[in-house]
Structures are given as structure tokens and as C-alpha cells.
Amino acid sequence: MASSRNTTITAIRVLYLLILCVLQAQVRLCFAAKVHVVYMGSRGSDDPDEILRQNHQILTDIHGGSGEKAEESHVYSYRHGFRGFAAKLTEDQASEMAKMPGVVSVFPNERRKLHTTHSWDFMGLVGEETMEIPGYSTKNQVNVVIGFIDTGIWPESPSFSDERMPPVPAKWKGKCESGEAFNASTCNRKIIGARYYMHGYEAEKEEVEESVKTVSFKSPRDSSGHGSHTASTAAGRYVTNMNYNGLATGGARGGAPMARIAVYKTCWDSGCYDVDLLAAFDDAIRDGVDVLSVSLGPAAPQGDYFSDAISIGSFHASSRGIVVVSSAGNEGNRGSATNLAPWMITVAASSMDRDFTSNIILGDGINFTGESLALLQMNTSTRIISASEAYAGYFTPYQSSYCLESSLNSTKSRGKVLVCQHAESSTESKLAKSKIVQAAGGVGMILVDKADKDVAIPFVIPAAVVGKRTGNKILSYINRTRKATSRIFSAKTVLGSQPAPKITAFSSKGPNALTPEILKPDITAPGLNILAAWSPANGKMHSNILSGTSMACPHVTGIVALIKAVYPSWSPSTIKSAIMTTATVMDKNREPITVDPEGRRGNAFDYGAGFVNPRRVLDPGLIYDTQTTDYKAFLCSIGYNEKSLQLITRDNSTCDQTFATATGLNYPSITVPNLKNYFSVMRTVTNVGEPNSTYKAVISSPVGINVMVVPRLLLFSSYGQKINFTVSFKVEAPSEGYGFGLLTWRSRKSRVTIPLVVRSTHSTSGLLR
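Predicted, not measured: the structure shown is a model, and the values here were computed from it.

## Considering the overall build of the protein
Point 1. Along the protein, the regular secondary structure elements total 20 helices and 36 strands.
Point 2. Long-range pairs, those at least 24 residues apart, make up 74% of the contacts in the protein between residues at least 6 apart in sequence.
Point 3. For the protein, the accessible surface area stands at approximately 31,800 Å², while carbon and sulfur atoms represent 52% of it.

In C-alpha cells:
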């Protein structure tokens, strides 16, 4: 039935176009070939190579048996997620194709509107200037001020235009500091504050200045690009045509496009120094920011909370009602998460359904796909060798396989594609390897990286990153072929990649190495291949694609700003709870979120409470609230005495009301890292939903642990009402390592979910305090 209807529609379209052409005396153009999509449904169990052969045969038939014409007309083959192809066809050929067995539909390649800063579309927020959440007005975001502690800002970027923005809120006490290439008048109604801090940097400058090669402005102006990127991700205005060298072209905007921006430049070419960071926190608290976005942090393992500038600054910011959002880190290993304080929101990084890929075709016809931002391509196939074959001087073949500086013999490398290995996670070193191959005379590079396969890099020659499995297949081809060849194509944007989201390989993971009773990271947001504004001082680009938890952090920052726009009085812990309890642990296909590179099933150490869901955060139903006094009790529970506590709080705080363990903090997750036999903990929820509502506990227990909740029903009669409940854990069958579960309070319209993370002492792995 569907096939018949499609055939009729195609025939009508052909007749219409012929009449139109005749009327316009352009009959010849009617028979010109145009690109069409031939869609043939699901791939099923068919082998991709067999599908490719069948596609070629269909095209050959439509071209009267000419294989050459079939090859010329072919554009793409779809053979992995579904089957079909794209080809240049006349209207007559398209009509004939639509009648063929197995063809679902044939349609012309019409222009579609591309969207970028695609992450917001992926998370379900649409719009240009207001980024409205369905059912709520977020227009009050013009009164929300986001502070960015970062590398500064490039104020001329269209992302920071103040067109149609109302005057600066009266509450604002900040200022714009003048400096190199920046003066007070550079600010506008969008960028309402700009400061810079370099005393800490200058104190260390002599040790690092030899390594500093990038131009750096002694002002709030951004010479790096990182600060402009994070600011525009969270709060950038709508830009009609943002792209990276033609990739990801379309309209771009931040999460809260009408929110105000205050810049605190603390990061320079050599890093961000504690004294500068603390000065920035100090000023931001005074200036009157509502949210602070901090896409930086210490190296793992993180030291004590109060010997860490970000922990200190965020403690005081939070106690004054400022929400602090931070990145979890990019070390990728178990237990490597940083920014561990419970008073800040710590964000892990995920992918979304957009990739930047480059095709690699070997001499035997096999096609592989790698990640790349390189727009260069090879016009012909060229010899491919392992970089280990091009070893030079005192370097061993093993060392040269990593394409280290001066390790490649130019005579052996010249004119060839080199397969290089990569063991680190630094994007800079990957880029450098393409420069090393280029300097040795190589014309292309395949970089085998078992950890960070999905990160796209702007290589200086045709190049792509592949995973270990694909790399082994390519090396196997080289080893069994006398004169192996390959061709690397230009990068392209691919939408709809699945599964999505996935946790990136580089995203730092729990457990919390400092206080294992507090789950970190808290939440996950897009952080892979994010397009946003940039500083033209670095690479003469106005936008760039970056990956990292630095990019995930401002996504949550933007959502926080939208929440503050609707609920200005909500506390930082209320906002954190709303974000965490409405998150999802399922991907877009309703399957459990997985983790790169191995594709294993994720858990709370990978993504915290899950992937952020901005469409639900404004109606969380119940929240887990904490006050400053609760954080004081938390500090007492981890070993701070009254004397040290009072040094921090500068008041008469005591440890009279403390918790048995840090698990007692009213956090929107429960982590028990040292369960001997039986343990119970109390939590308090506050009703911020319907006044009269009933919630029922639904438990998914960690393996080997019996979980009981008392009471199982929560009956609320008013808004703001608080109810306590107790969660008890009992070891039934000790298992290895940590176990993961969920506790959901479910009402007629709400689901309020927190992670349960438990490790029994019978286990011999994991972290114990």
C-alpha cells in the first residue's frame, strides 16, 4: 500500500515538473540529473558489503547496464543503520526507481535548515532568543547574571550582542576594567562586568614564560578562546550562521541567550592560579552574580576542600545563594573526578547525536570511518605504512609508532599515509602529531587512539582518529599487502548518530576520592565536539569546536540560569536537586546509557544522577534541600573540629548537630562506601509540586543489597511541606566492588529519582575512607 502511494506521488511530481518545464520552455532542464535519496528501510541482518553490491546493481540497471554511469551517479550508500543510497537521477529515473522492489521512497535532495549548538536541540530546548521551556516563561533571564571564571571574553563576537536587551539590572554592582585592547566602554548590556586577575600568574611567570607562545592580553579580553566558548555555550545570543570551516553550519545560541554575562579572567597561557581564582570568587560574590560557571579544576587526586581555591570560593558563594557549576575533569579514569565539594554542581561529559567524521578507504575497497575536523582530503590513493616502519635516528620502531618529535625518517615518510599510535588524552598532542607527520613529508595520518576515539581534531593534513579495533584492522591490511594504499577524505557533519548520549572516554569518573560518601560527578551534559564562539586571536577563527567537561559545565550553567529566571528564590541545593532528580539514565533509544570507548553499561560513577533533562527541571515535584548549617554538619562528620570549623565560618558554629557519617548529608543521592552488615540513613524531601499529592517509593536495589524505605508512602497536604523518610541497606549477598540502584518517589505526575551506590566491606576493590 505504502509503495503504491509513493509511486503515485512520484508520478504526480514528475508530471507537474514536466508541465512546469514546458510552460517555461525549459524542457531540457527537466531531464537533468539531480541528487535523490533512495530509501530502502531497515538494514536487517544483511551484510553491509552485500548491500553496497546490491545498491550498485540497482544503479547499474537504472543506467541501462552501464557500471561506469552507475559509479558516476553514486553519491552515498546507507548500509549500517538502515539501507538505501543517494544518487544523481533524472525525474524519469527517480520515477522508475520508486517502482522497484524493496524501495520504500525516492525523494529529491531538498535543502533543509541546519541547526548547530546542536546540543540544545538534542536536549529538547528549541527557540532562538528566549529558549522557552514548554509551559513556563523564562523571559526573566534578563535579570540573571552568570559569572564566568575563565580566560576572558571576545566581546565583539555576535554571540555577545546586546541588541534589544533592556538596561542592566539595578542589583548589579560589578564593573568593567580597562586594560590592553579593552576598556570600560567595551562592555554592553549583555556583557555587564569584566575583570582580570594576574597577580598569581605573574608570581609564577618566570618559571613558565619560556613555554608561553600565545599572545595574551593584560585585560579581560580573551586570547585563548576557551572563555568565549564557555560563555556563549551557556548564554550566547542567537547567531544565524555559525560554523567551523563549513562544518555544523546553522543557527547557534546558548542555553539562556538573554541572561547577562560577567567575566572574571583568571586563566592565562600557563594556567589558573589559586590566588587569582579566589580574588575572582570574592569579587563575583560582591558584584551580585546569580550563577558562577567554573570550567576548570585541580588535578586528581584533589586535596582537602579548604586547601583548594575552587572548593573554598564555591563554599562561600553557595552560602550566599550563588549556584556554582563546575567541570568534573578530563582524566577519564575511575576515581579521577575533581571539584568534589557537595556545595557545587559537578558535571561529566557526554556525546550527542552529531559526529564529525572522515572516510578512510583502503586499497582493497574497505571503508572505515574516523573522527576528524580536517577539511583537507587526498585526491588519490597513496601508500600507507605503520609509523614504526619510518623510525629515525636513535628511536626504536616502537617509539616511532607514536610519531614523536624527530622520530620519523623523512625519506621513508615522504608521500605516504602514516598510521600513528596515541596513548595520551591531550588534544594538543594529537594535533602536534599531524604536524610531525607533515614535517616528515607525510601526506596523511591515521591516529589509533583506544581511549578518545570520538574527539574530532582539526589536523593540518588529511587525517582521522580511529579506535583500537579499527586500527588493528588497518594494520592487518598493511601487514598482509605488498603495497598497501589508502585515501582519506574531508571531514563532514553527520547527524543522527546512535546511541546517544554516551559518556565520553575522557570524562573523569567517580568514586569521590576525597569523600566517598558524596557521589561525584552529579550530572552529565553534552561535552563532545561542541561548537561555540571563539577568540580570533587564537587561530583567526570566530567559532571553534572543542571537547571536554569544560564544555559540559556551561550547558548546566545555562539550565541553572533558566531555573533562576522562573524561581529566583530557589537555593543552590534546591536547583541542584531539581537537576539531578529529573535526569535520565536512558539514551534516546530508551536503552541504558553506555560509556566509551568499550561501550559498557554506565553507572552513577560515570554520569552521576544521569543526563540532564531541561524540559523537566522546572517541575521536580520534590526536592532534597540543604542549608549552610547542613554543610557545617557535613564538615564535622569528615573530621573538622569546632575550632577549624569556626575558622571557616567565622561564627560560633558547633559540631553538636553532626551526622554519623557524611552519608547523612541531605544530598540527592545516597552513597554507602563501607557497608558492614546494616546501615540506615535519613533523607528529607520538600514538596514544590501540587499541594495535595501522594508519592510512592519504587526501589531498584544494588546487586546483593536489600533496600527498605520507611514510610513507603509520602502524603503531602501543602506546598513547602517537609517529610522525613529512612532508607535502610542490608547485605544479602556480598558482591565485588560497588553496586548501583535507584530510589524513585512516584506520584500521579512526577518521578523524583536519586542514585543508590553501595559497597559492602566484604568486597576487596574500590575506595574506602
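Still more to cover.
## Description of helix H19 (residues 628–637)
Point 1. Most of H19 is tucked away: seven of the 10 residues are buried.
Point 2. For H19, the complete set of buried residues consists of Tyr631, Lys632, Ala633, Phe634, Leu635, Cys636 and Ser637.
Point 3. Looking at the buried side of H19, the elements it contacts are helix H11 (309–319), helix H17 (572–581) and helix H20 (642–649).
Point 4. In the segment just after H19, Gly639 is the residue with positive phi, at about 115°.

## Some remarks on the sheet that holds strand S28 (residues 622–623)
Point 1. Pairing within the open sheet is antiparallel, and its four strands lie in the order S28-S30-S34-S32. One side of each edge strand has no neighbouring strand; the edge strands of this open sheet are S28 and strand S32 (705–710).
Point 2. Sheet topology note: the S28/strand S30 (residues 678–687) ladder contains two bridges and is antiparallel. Note on S30: the bridge partner recorded for Ile623 is Thr686.

## A closer look at the environment of Leu52
Point 1. Mapping Leu52 onto the fold places it in helix H3 (residues 48–62).
Point 2. Residues Leu52 and Phe85 lie 33 residues apart in sequence; the distance between their C-alpha atoms is 8.8 Å.

## A closer look at the UniProt feature "active site" (unreviewed entry) in the protein
Point 1. When the UniProt feature table is mapped onto this chain numbering, "active site" (unreviewed entry) sits at Asp150, His226 and Ser550. Of the residues just listed, which span 401 residues, no C-alpha pair is farther apart than 10.0 Å, and they cluster in one region.
Point 2. In this fold, Asp150 is placed in strand S5 (residues 145–150).
Point 3. Those residues within four positions of Asp150 in sequence are excluded, and the remaining contacts are His226, Gly227, Thr230, Tyr264, Lys265, Thr266, Cys267 and Ser295.
Point 4. Looking at the element boundaries, Ser550 is found in helix H16 (residues 549–566).
Point 5. In this view, Ser550 contacts His226, Thr230, Ser295 and Ser327; residues no more than four positions away in its chain are not counted.
Point 6. A distance of 3.1 Å separates the side chain of Ser550 from the side chain of His226, its partner in a polar contact.

## Concerning unusual backbone geometry
Point 1. Note that the residue after Asp596, namely Pro597, is joined by a cis bond; omega there is 0°.
Point 2. Among the secondary structure elements, Pro597 is positioned in the loop between strand S26 (594–595) and strand S27 (600–601).
Point 3. Positive phi, close to 50°, is recorded for Cys403, a residue that is not glycine.
Point 4. Tracing the chain through its elements places Cys403 in the loop between helix H12 (397–400) and helix H13 (410–413).
Point 5. For Lys540, which is not glycine, the phi torsion reads 55° and is therefore positive.
Point 6. By secondary structure assignment, the location of Lys540 is in the loop between strand S24 (530–533) and strand S25 (543–546).

## Overview of the confidence of the model for the protein
Point 1. Looking at the protein, the pLDDT average stands at 86 and 87% of residues meet or exceed 70.
Point 2. Within the model, pLDDT remains below 50 along residues 109–117, and this stretch shows 25 contacts once partners closer than five positions in the same chain are excluded.
Point 3. Low pLDDT, under 50, characterises residues 763–769; the predicted model gives this stretch 25 contacts beyond four residues in sequence or across chains.

## Quick look at the nonpolar core
Point 1. Among the nonpolar cores identified, the biggest contains 125 residues, and Ile579, Phe634 and Leu635 are the most heavily contacted of them.
Point 2. The leading source of residues in this core is H16, at 10 residues.
Point 3. Counting contributing residues per domain, this core is built from domain 2 (121–204 + 217–353 + 500–620) and domain 3 (357–492), each supplying no fewer than three.
Point 4. Beyond its immediate sequence surroundings of up to four residues, Ile579 is in contact with Ile345, Ile523, Val556, Val560, Ile563, Val612 and Val617.
Point 5. Core analysis: the next-biggest nonpolar cluster, separate from the first, contains 25 residues, Leu622, Val672, Phe716 and Val727 among them.

## Considerations on the state of the cysteines
Point 1. Considering all chains together, one arrives at four disulfides under this definition.
Point 2. Covalently, Cys176 is tied to Cys187 through a disulfide, its sulfur atoms 1.7 Å apart. Judged by the sign of its S-S torsion, about -105°, the cystine formed by Cys176 and Cys187 is left-handed. Here Cys176, found in the loop between S5 and strand S6 (191–196), pairs with Cys187, found in the loop between S5 and S6; they are 11 residues apart in sequence, far enough to count as distant.
Point 3. On the basis of relative accessible area, Cys176 is assigned to the buried category, the value being 16%.
Point 4. Here Cys187 falls in the buried class, since its relative accessible area comes to 15%.
Point 5. One disulfide in the model links Cys636 with Cys655; its S-S distance is 1.9 Å. Of note, the bridge from Cys636 to Cys655 carries an S-S torsion of about -75° and is left-handed in sense. Taken as a pair, Cys636 in helix H19 and Cys655 in the loop between H20 and strand S29 (670–675) lie far apart in primary sequence, 19 residues in all.

Calculation rules
Residues numbered from 1 in each chain as written. Predicted model: local features only at pLDDT ≥ 70, side-chain atom pairs only at ≥ 80, totals over all residues. Heavy atoms only, no water. Helix = DSSP H or I, 4+ residues; strand = E, 2+ residues; numbered from the N terminus. Contact = heavy atoms within 4.5 Å. Areas by Shrake-Rupley, 256 points an atom, 1.4 Å probe, with all protein chains shown as cover. Buried < 20%, exposed > 50% of the residue type's maximum accessible area, 1.4 Å probe, protein only. Pairing = 2+ DSSP bridges. UniProt positions renumbered as here; feature names shortened; annotations may be inferred. Polar contact = N/O pair within 3.5 Å; in protein donor to acceptor, adjacent residues only side chain to side chain. pLDDT = per-residue confidence, 0-100. Core = buried A, V, L, I, M, F, W, Y, C linked by side-chain atoms within 4.5 Å. Domains from an automatic or database assignment. Disulfide = S-S within 2.5 Å.

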